[in-house]
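Here is what each chain is made of, one letter per residue.
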Amino acid sequence: MWTPTKNQKFGVAIYNFEAEHVQQALRLDVGETVQILEECCGWYRGFSTKNRNLKGIFPAQFIHLKPFKIDNEGIYETVTPVEDPVVQEAASVLREWGQIWKDLYVVLGTPHGDQELWDAVRKTMMDIADWRKMLITGTLTSDQIGQIKLKITRKIDWGNRRLGLDLVPRVDGEMVDPDAVSVVELYRVHVLSAETSQGHTQGLGTLAKKKDRRKAQSHHLFFCMRDFSYHLGEDAEVFFSLYDACKGKFISERFLVKLSKEGFFNYVEKIHSNCTIFTDLGSADLSSELYIVAHVVRVGRMLFSESVKKSSSHSYRRPHGVALFRLAPSVLQGADGEVELTGKLFSSDEKDFWQLPELVLKKQSNKYSIMSNNASYGLVVSVKVVHGELEQATKENPLLLKNVCITKKLGFSDVIMPGDVRNDLYVTLNSGEFERGGKSVAKNIEVTVLALDVDGQPLECIYSGMGHEGSTEYASMIMYHNNSPRWNERLKVAIPIDQFGGAHLRLEYRHCSTREKNEKKLFGFSFIRLMDDEGGTTFRDGSHELCVYKCDERARLNNPAEYLTMPFLSKEAVDCIYSLPFQRSPKEFIVIDTLLCSTKLTQNVDLLSLLRWRSAPDGIGETLSRVTRVDGAETVKFLQDVLDALFAMFSTDDGNSTQHSGHVFQALVFIFSLLEDTKFEHFKPVMDAYITGHFAAALVYKGLISCVKHLSDLCPQNEKQEPIMRCFRSLEYIFKFIIQSRLLFARATGGQNEDSFRIDVDNLFESFAHMLNMHLENIENSQITLLEHLQGACDQLCQVLSPGEVANHLSNLFNATPFESTRELTRAKLNAMKNSVNSSLFDDDDGRAVLLETICTHLRQHLEGRQELRLCGDVLSDLVIVIHKHVKSHYSGRLPPSLHQDVETVMLTLFDVVVQLILSLERTAPSSGTLVACLMGILQLMEEAHYSRLWDANVGADAHRLRHLLYSTTVLLSDLVRAAVFPSDWFVMRMVTNHTILTAMQEIAQPLISTFLKQGRFDNQLWSNYLNLAVGFLTQPCLQLEHFSQQKRHKVLERYNDMRVLMGFQILSMWHNLDDHRLHFIPGMVGPFLEVTLVPEPELRKATLPIFFDMMQAEQQAKGNFKQVETELIDKLDILVSENKGDDEYRQLFNTILLERVRSNDPVWRESGTAFINSVTRLLERLLDYRNVMQGDENCDKRMSCTVNLLNFYKNEINRQEMYIRYIYKLHDLHLPAGNFTEAAFTLQLHASQLAWTQRMLHADHLYPAQTETQRKELIYMKIIENFDKGKCWEEGIPLLEELAAQYRIRLFDYQKLSEVLKRQARFYEEILSCNRHDNEYFRVGFYGLGLPLFVRNKAFIYRGLEYEQIRDFTQRIQTEFPQAKILPPNTPPDDTIRSSDGQYIQICAVKPIPEPNPKFDGLEVDERILKYYAVNHVRCFFYDRATYRGGADKDNEFKNLWIERITYTIESELPGILKWFEIIDQRIEQLCPPQCACETVEKNNKQLKQMSLQYRANPHDNIQPFTMRLQGTIDAAVNGGIAKYQDAFFGPDYLHMYPENSEHVNRLKVLFNEQTLILEGALELHGKIAPLANQPLHRRLVEVFEDLRNKVRKICSTPQSQRSVSSLQSTPPPPLTHRRADSDPATEFRRIGSIINSPLPPLPSDKCAASLSSSSTSGHSSQRSSQASSLYAHFQSASHDDELYAKPQEWDEGVGGSQRDSRPRSAFITDSRGSSPKSLTKSLNSDYVIVPSSKAVSDDSQRWRHSRPPSPHAPRNSGTHDSLNTSWSDSQGSQESLPPLPPRGSEKQIRSVSLGGEEDVPPPVLPKRMGKKIRTQSLYSNIL
């Protein structure tokens, strides 16, 4: 039994669960999280967090359970894992990005692909997954966890920004809970997050702080020596220090690394011995040009030699080389992490060693050289910059900085910390000058430095470099044989502070011999006293020249008292040369530099005199005057002692002031102002500690108050405002001392003099108020300074006065500041208000109540005056945030009255002015976002009682104020909803704002219903605004959940539910309240409500769709119809569906719900309502089809179909002309890019047909300006004509040109345009006769299956192919449009299974057009080039032939039982038309018997022979090869047997006995054979005349074979034939062939040109023959296939290709002759063999034909022949679509005009022969060999081209 789980609610799948053989199982993948609902016998039931709607069961052992927490426990509970928020966020982000990453991968190969983005997202996801894994393992330190979290959040924010996802608001790296903060605070977090996000590069994140993080002022450089590849052969010392190239000096101590002679890798003295951290670098240092300089000193022999192996008894420090490492800006900024640097050693002469770094930097290469080295590298170091305080940096980088020695900066850092204790003296040995002393060579001088205490004992405090312990002495480098050495060596002397007073330094000079046996010989010394005994100051910093005293015995120096009394500086010893215990050499001296960095010792005499003021009380005045000149660093070092001294001088023991009180106060103010300097701001805690722990002057508070008041009173009178401003800037610390002094006094006296203290404070603030109320330019800066620092004093006063009292003082000062003041003073006042809002005064109810009213009043004044809007917004923001925090603290219960009153104060004072202000501002204004957030914050604070109070306060007598307030509020909210003020990626902010607006709208509805719905007060505008606001809110993009990812949608629903549904029901409620007022919102609200119903939320649709029924009912009752609803609904539906709104589910709901309402209510308008609803449903169906194919080039044809469906709907069903025309132009715009110019022209004709030639003015639209109807029609006609011209359909453009010409000639009298039109018309006629146009192919396409779109599903169409498009190309194009469809075989009709399946199937086959009759050509001889167009255009009927064999195919003669199944298709409109395809509306099938097939084949071949003869008669110089091959293939048919096969099949004695019903077709076949012999006769005559000499033997052979062929025809027909002999054929040229009229039949034609038939034939139905044979009378259908030079009679086989299958019966129609004929001009007027003119020919046709069937036979068989006739592509017909065109054509030509006369012809002979090109008695030549290869299509084309 399934039981609900309690402790197992959340888990992760640890195995894949396929769920194939388990019912109701839930498929799971590894890592997928699940929520568990129930359990039973080792199985869980629940759902995956990927899809919460799909529930199923899964094994319990496949799930790893995780800790969880439950929100909203119950049916709608939400279970979330108890994990670190960053871990949870990382998992959620990886799920969301995973799908996006897959989508990016899918489009990689397309133009929309982005390989770089895909790689970046992949790498980021991998990094986040790895870091998340590290967090989950739980093996990291807290510092490492913090770093990993920071990396994850930065990567997440970078990825969201790169992928265009939502901004994540963060505080200290963690996501903000929008329910826990005010909407204003949330806005600020978003602003800071966005700014930080834009400032970061890749990999950095979006971290927002509640307070601005102070920029790190201290920086530290971690350093480590990694390798030293030089071999010195002896021990070495490497000193590293920082060098500032800009300043030209070293800025740090030296760090020492000692190397043994074995080398660097063998040297391991202790851990981190080669690492240090250079501390306390300032920002100025990082921006300078810094180098790390390495000095290498060799320690060993005086002169090193590789040959000397014996170790030396003495070690000398000798200069060796220098290396430099430049620190690039990227390294100093720390962006590159730890960086490795490599450098080479440079060497120079010893005399230049002291300045070698400068020489290298200056590139003076003549003074240095690079030391040789075997390795490719030299000295290798690594560095990394860390920021912040050293202690914090060590915590953040414990593995890097822990236990690493510190190398300090020379001098104090930019930030002096109060806890720093430092007493370092830096001594630099610069240079010396020594005498030679009688020696021939210079000395090798070594200087030893010692630090001695007062007793002469050495102190272990000398450091040559950091990283090693201190020593008692330091030995300098030795410059070989140099009496003027320069060392530039710096050492640190760290003497304890208690021993510094009597200590001194001694420098001993020794000569070091190069001989090993000689000891170092002392020859002199110098010394320095470090402190002045009299003044108590230390030795001053700087360069000092010391005396050198001679001494050669060390024992003499054991008693320092002997030499300490002597002068040690050269300038002091000038007069004391011979009166000293030690003799001084006047020519010898040494120069040193000293620098003292001490927090306990001073070199300043003025400061020392202040500290010792009691010893010289008379000089107090002068001492105080010099205090302000003391360096601040010296003052803060002795801060406590200085303050004690000053307060001791400020007043007497009984609290009275002294004569120096003013000066003391000035000195105090100076010291307080020092703490505002960033360098000393860290001493503020020291000051605070002094006040609370050491300050003991309990009587000074009165004097301090008096001094401040005195300065305030003097302010208007004093010209110098700087002392006053300095006092005001120090008010915080002044009041700290005042309050502490008062507390001490109260503690000592039991609270005496409290009233006096209050009076003093009152007087002081009155003085402040008086000063602030003055309008004096000279005191403005003082006023500003007071306001800026006022809050610090008030915060201190709260310790002794109540917050209410302090708030009153502060409020009085704000009110004293005039409203009409300067901008700077106004800003200062607003900043003071801002400070007070964020102070502790606002935490107290009384203090907040006092200040809130004052601040709100001032804010209202400034907002109304548009003054300092940004600052006012900041004040209001802080105000709302503070109140919100207090409200949140009372969330569990009801708000206390004080907070309720506070919210009411803000609301009543500021709500309306903020609304008006936002309405007047541009959305791009800097303060716009802040003010909107403030408004949302106020609305968020308001409860139902507040709204009621707001309405009551504004209702008044006529409710005008309330109406104005509601109107402004709804307009503003509408504006905020439709044009969101917040960026699109601020999703959290937008959702909170929407939730606030939703709540507000529910409250705004109350006064609308209660006040503005009553009769007489009903406000249509107010209600419209509200309803439009509700619609805008509901339809805004950020609430459309279906567009969100699943994770995002779940979060929104969990926190806010679907706000669209809530708003929808609010709209429904308001609509129901309107009752009789609903008519006011028709038709204005039809579109907005339609937009609401289109939102894809089923519950919302079901609730809101009945509104349309209410609208129809309301309009019907008022006006008797609902035309307005109908019109508006259709108009808006078209627009909204095109905006991708609505779906098929909506169509069904619309139809179902509204029809149900109509049926259930049964109104009187039921019939019309039902019809309207059904009509809209059909419109929806078409609009949805249209929208589904809007995108993609492959959907172009689908778009056209859907567009036609829509324009037909708008024209035929609802008669909406404007919509109809709109879709006409949409269809036109689709045709043009596809190159369908003809179809585009026909489409525009639909619009032109709606216009007349009138002067009625038409309105302007997006296509045309305002113009008359004539002008617009003229403009459209020009576009149509241009498109017809581009589509080569000049026949269609000529009637339009004629119509335009008539308008220009008769009505407009615009002869200029008339001439242009006539010229264009003439050009069109020329194009018809001269241009070679390719006939478009036609294809039948059937679409089957339910998977296809509705508008083509289970339908068939005829397509007009593109120019030169064959069936293969066409099939590929259709497959591109329907890539999922399968192609069916063309000759198999699909069954019902395919039609009802869910798949997509397409069947394609080629069809041939059947020309329509064209009466305008009746009785006329028309040029073939004119007729050709009408053979394949203006057609509605097409046929498709499929060959069948009854009884099986006869191998010997396939013609015997070859039948053709002919399917005739009729489409709904002519082609070409507004589309390149139309649906088939009718289909008929008929069977053609074998003789009929033979008749069609012979007839087609006859037609092609006639066409080719005409071509070569007109162009006799063309390539004759195709003509020869055609004749040879017809006369000498060797492949398929020729006439013999037909004779055997149909002309045998038994055939007609077996098939008497085919006698008509057999007789017709005989007539066609007779026609063929006549055509061949003329063709051979022409061939003999134009054939070159090389072709004459073949020609003679053809003549001989033709004679045999003619004899066979005579036998077949069994009638006497013409007795013309071969010789006569050879002697007399044949008559020219005559172009048969379009309405003549073959039998009549034979009689007309001289028939060879002398005996009557069996009766033939003349009409049938005419109908059947008329198709061969004109030429027009040509293709790109070549002749095979084979038999005349096509061998009909089963199709091997789709195209061939339907073309075989018409193969001769597509031969070479036809192809070549198209490219040559032809004559329109041809004489017959008797020389008759065309006019006489027409007459002879009516009298010469003797075989005339009865009229009854004709009428009986006419219907049967209609569909059994062969295709007649060139038959003229009249187009029913273009009556005007036909009329114009008839008018222009005229049927009664006589044709021009023909040229004279020669005498006619009775017997004609085919010319052989020679004499009769010449024997025939040897016959040429028959060509063995068929002519390929390619070669034929090449000949043609």
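Calculation rules
- Residues numbered from 1 in each chain as written.
- Predicted model: local features only at pLDDT ≥ 70, side-chain atom pairs only at ≥ 80, totals over all residues.
- Heavy atoms only, no water.
- Helix = DSSP H or I, 4+ residues; strand = E, 2+ residues; numbered from the N terminus.
- Buried < 20%, exposed > 50% of the residue type's maximum accessible area, 1.4 Å probe, protein only.
- Contact = heavy atoms within 4.5 Å.
- Areas by Shrake-Rupley, 256 points an atom, 1.4 Å probe, with all protein chains shown as cover.
- Expected span 1.5 Å × (residues − 1).
- Pairing = 2+ DSSP bridges.
- Salt bridge = Lys/Arg side-chain N within 4 Å of Asp/Glu carboxyl O.
- Lys, Arg positive; Asp, Glu negative; His and termini not counted.
- Disulfide = S-S within 2.5 Å.
- Phe/Tyr/Trp six-rings, centres within 6.5 Å; stacked < 30°, edge-to-face > 60°.
- Lys NZ or Arg CZ within 6 Å of the ring centre and 35° of its normal.
- Axes fitted to C-alpha atoms, helices over the stretch in contact; angles between N-to-C directions.
- Core = buried A, V, L, I, M, F, W, Y, C linked by side-chain atoms within 4.5 Å.
- Parallel < 35°, antiparallel > 145°, perpendicular 65-115°, else oblique.
- Left-handed = near helix turned anticlockwise from the far one by under 90°.
- Nonpolar A, V, L, I, M, F, W, Y, C, P; charged D, E, K, R; others polar.
- pLDDT = per-residue confidence, 0-100.
- Polar contact = N/O pair within 3.5 Å; in protein donor to acceptor, adjacent residues only side chain to side chain.

Trainee: So what's going on with the overall build of the protein chain? Which residues, and what values?
Mentor: The number of helices and strands found in the protein chain is 63 helices and 40 strands. The buried share of the protein chain, reckoned over its 1841 residues, is 55%. Long-range pairs, those at least 24 residues apart, make up 74% of the contacts in the protein chain with a sequence separation of at least 6. On the protein chain, roughly 81,600 Å² of surface is accessible, and the fraction owed to carbon and sulfur atoms is 50%.

Trainee: Report on helix H2 (residues 115-137), specifying residues and quantitative values.
Mentor: An ideal rise of 1.5 Å per residue puts 33 Å on 23 residues; H2 measures up with 33 Å between its terminal C-alpha atoms. Turning to H2, its buried residues number three or more, namely Leu117, Trp118, Ala120, Val121, Thr124, Met125, Asp127, Ile128, Trp131, Arg132 and Leu135. Looking at the buried residues of H2, the elements they touch are helix H1 (85-106) and helix H3 (142-162). Once H2 ends, the next one or two residues include Gly138, with phi positive near 70°.

Trainee: Give me the lowdown on the pairing of strand S23 (residues 423-433), citing residues and values where you can.
Mentor: For S23, the buried fraction is high: 10 of the 11 residues fall into the buried class. Strand direction decides the pairing type here: S23 and strand S31 (residues 584-598), joined by 10 bridges, are antiparallel. Counted as the bridge partner of Gly432 is Ile590 from S31. Pairing analysis gives 6 bridges linking S23 to strand S27 (residues 486-493), with the strands arranged antiparallel. Opposite Val427, over in S27, you have Leu491 as the bridge partner.

Trainee: Account for the pattern of salt bridges, with residues named and values stated.
Mentor: Taken as a whole and judged by the stated rule, the model has 79 salt bridges. Linking Asp1131 and Arg1216 is a salt bridge whose minimum nitrogen-to-oxygen distance equals 2.3 Å. Taken as a pair, Asp1131 in helix H37 (residues 1123-1138) and Arg1216 in the loop between helix H40 (1196-1213) and helix H41 (1217-1231) lie far apart in primary sequence, 85 residues in all. With respect to burial, Asp1131 and Arg1216 carry one shared label: buried.

Trainee: Account for the side chain of Asp244, with residues named and values stated.
Mentor: Assignment of secondary structure puts Asp244 in strand S12 (residues 235-244). Despite its burial, Asp244 pairs with no opposite charge; the closest candidate is Lys247, at 4.3 Å N-O.

Trainee: Can you explain the state of the cysteines? Please cite residues and give values.
Mentor: For the structure shown, the criterion picks out 0 disulfides. Free cysteine: Cys727, not disulfide-bonded; nearest cysteine sulfur from Cys707 at 8.3 Å. The class of Cys727 is buried, set by a relative accessible area of 0%.

Trainee: Can you break down the packing of aromatic side chains residue by residue, with the values?
Mentor: Evaluated as defined, the whole model comprises 68 aromatic pairs. Taken together, a centroid distance of 6.5 Å and an interplanar angle of 25° make the contact between Phe1018 and Trp1023 stacked. An aromatic cluster is built from Phe525, Phe527, Phe539, Tyr549, Tyr563, Phe568 and Phe582, whose rings are joined through pairwise contacts. Sitting over the ring of Phe987, Lys1048 keeps its end group 4.1 Å from the ring centre. We note Arg1446 situated over the ring of Trp1459; from NZ or CZ to the ring centre the distance is 3.6 Å.

Trainee: Before we move on, could you go through the pairing of S27 and cite the residues and values that matter?
Mentor: The buried fraction of S27 is high, at 6 of 8 residues. As paired strands, strand S25 (residues 462-463) and S27 are joined by 2 bridges and run antiparallel to one another. Note on S27: the bridge partner recorded for Tyr463 is Lys492.

Trainee: Describe the sheet that holds strand S11 (residues 219-228), listing the residues and the values that go with them.
Mentor: On the basis of which strands lie adjacent, the open sheet formed by 5 strands has the order S18-S21-S11-S15-S22 and mixed pairing. The open sheet terminates on both sides in strands that have one partner only, identified here as strand S18 (339-343) and strand S22 (405-407). For this sheet the average axis-to-axis angle between neighbouring strands, irrespective of direction, equals 30°.

Trainee: Quick rundown of the nonpolar core? Include the residues and the values.
Mentor: Membership of the largest hydrophobic core comes to 312 residues, with the highest contact counts inside it found for Phe1108 and Tyr1210. With near-sequence residues (within four places) excluded, Tyr1210 lies in contact with Ile1130, Asp1134, Leu1179, Leu1183, Asn1215, Arg1216, Met1219, Tyr1220 and Tyr1223. Of all hydrophobic cores here, the second largest spans 66 residues; its members include Tyr474, Trp487, Phe525 and Phe582.

Trainee: Lay out the packing of helix H26 (residues 897-920) against helix H28 (residues 944-955) with the relevant residues and their values.
Mentor: Relative to each other, H26 and H28 sit at 40°, their axes nearing to 10 Å. Put simply, H26 runs oblique to H28. Between H26 and H28 the crossing geometry is right-handed. Counted together, His900, Val903, Glu904, Met907, Leu908 and Phe911 of H26 and Ala945, His946, Arg949, Leu950 and Ala953 of H28 form the full contact between these two elements. Residues belonging to the contact of H26 with H28 are distributed by class as follows: 7 nonpolar, 2 polar and 2 charged.

Trainee: Describe the packing of helix H49 (residues 1490-1514) against helix H50 (residues 1521-1531), naming the residues involved and giving the relevant values.
Mentor: Relative orientation of the contacting elements H49 and H50 amounts to 150°, with a least axis distance of 11 Å. Classified by the interaxial angle, the pair formed by H49 and H50 is roughly antiparallel. Regarding H49 and H50, the two cross each other, and that crossing is left-handed. Touching Asn1501, Gln1504, Leu1505, Met1508, Ser1509 and Tyr1512 of H49 are Pro1522, Phe1523, Arg1526, Leu1527 and Thr1530, all from H50.

Trainee: Now, about the environment of Phe814: what can you tell me, with residues and values included?
Mentor: With respect to the helices and strands, the residue Phe814 is situated in helix H22 (residues 803-816). Taking relative accessible area as the criterion, Phe814 reaches 0% and is therefore assigned buried. Dropping the residues within four chain positions of it, Phe814 is found in contact with Lys829, Ala832, Met833, Ser836, Leu851, Thr854 and His858.

Trainee: Explain the sheet that holds S27 to me, using residue names and the numbers behind them.
Mentor: Ordered by their spatial adjacency, 9 strands build an open sheet running S25-S27-S23-S31-S30-S29-S28-S24-S26, and the pairing between neighbours is antiparallel. The strands lining the two open edges of the sheet, one partner per strand, are S25 and strand S26 (473-475).

Trainee: Account for unusual backbone geometry, naming residues and giving values.
Mentor: Residues Ile1082 and Pro1083 are joined by a peptide bond in cis, for which omega reads 5°. The residue after Leu1471, namely Pro1472, is reached through a cis peptide bond having omega 0°. Residue position: Pro1472 is located in the loop between strand S39 (1458-1471) and strand S40 (1477-1488). Unlike most non-glycine residues, Arg866 shows phi in positive territory, near 55°. For Arg866, the position within the fold is in the loop between helix H24 (845-864) and helix H25 (869-889). With a relative accessible area of 41%, Arg866 lands in the partly exposed category. In the Ramachandran plot, Phe1309 falls in the positive-phi region, its phi being about 55° despite a non-glycine side chain. Assignment of secondary structure puts Phe1309 in the loop between helix H44 (1290-1308) and helix H45 (1311-1330).

Trainee: Give a detailed account of the confidence of the model for the protein chain, specifying residues and quantitative values.
Mentor: For any part of a model where pLDDT is low, the fine detail of the predicted coordinates should not be relied upon. In the predicted model, the protein chain carries a mean pLDDT of 80, and 82% of its residues have values of at least 70. Element-level pLDDT for the protein chain is lowest in helix H63 (residues 1833-1840), with a mean of 32, against a maximum mean of 95 in strand S34 (residues 1338-1344).

Trainee: Break down the side chain of His946 for me, citing the residues and quoting the values.
Mentor: Mapping His946 onto the fold places it in helix H28. His946 sits in the buried class, given a relative accessible area of 0%. Engagement of the side chain of His946 in a polar contact is seen with the backbone nitrogen of Glu943, the distance being 2.9 Å. Those residues within four positions of His946 in sequence are excluded, and the remaining contacts are His900, Val903, Glu904, Met907 and Leu941.

Trainee: Now, about the environment of Phe1339: what can you tell me, with residues and values included?
Mentor: Inspection of the secondary structure assignment puts Phe1339 in strand S34. You can call Phe1339 buried: its relative accessible area is 1%. When near neighbours in sequence (up to four residues on either side) are disregarded, Phe1339 contacts Phe1357, Ile1358, Tyr1359, Gly1361, Glu1365, Gln1366, Ile1367, Phe1370, Cys1405, Ala1406 and Val1407.

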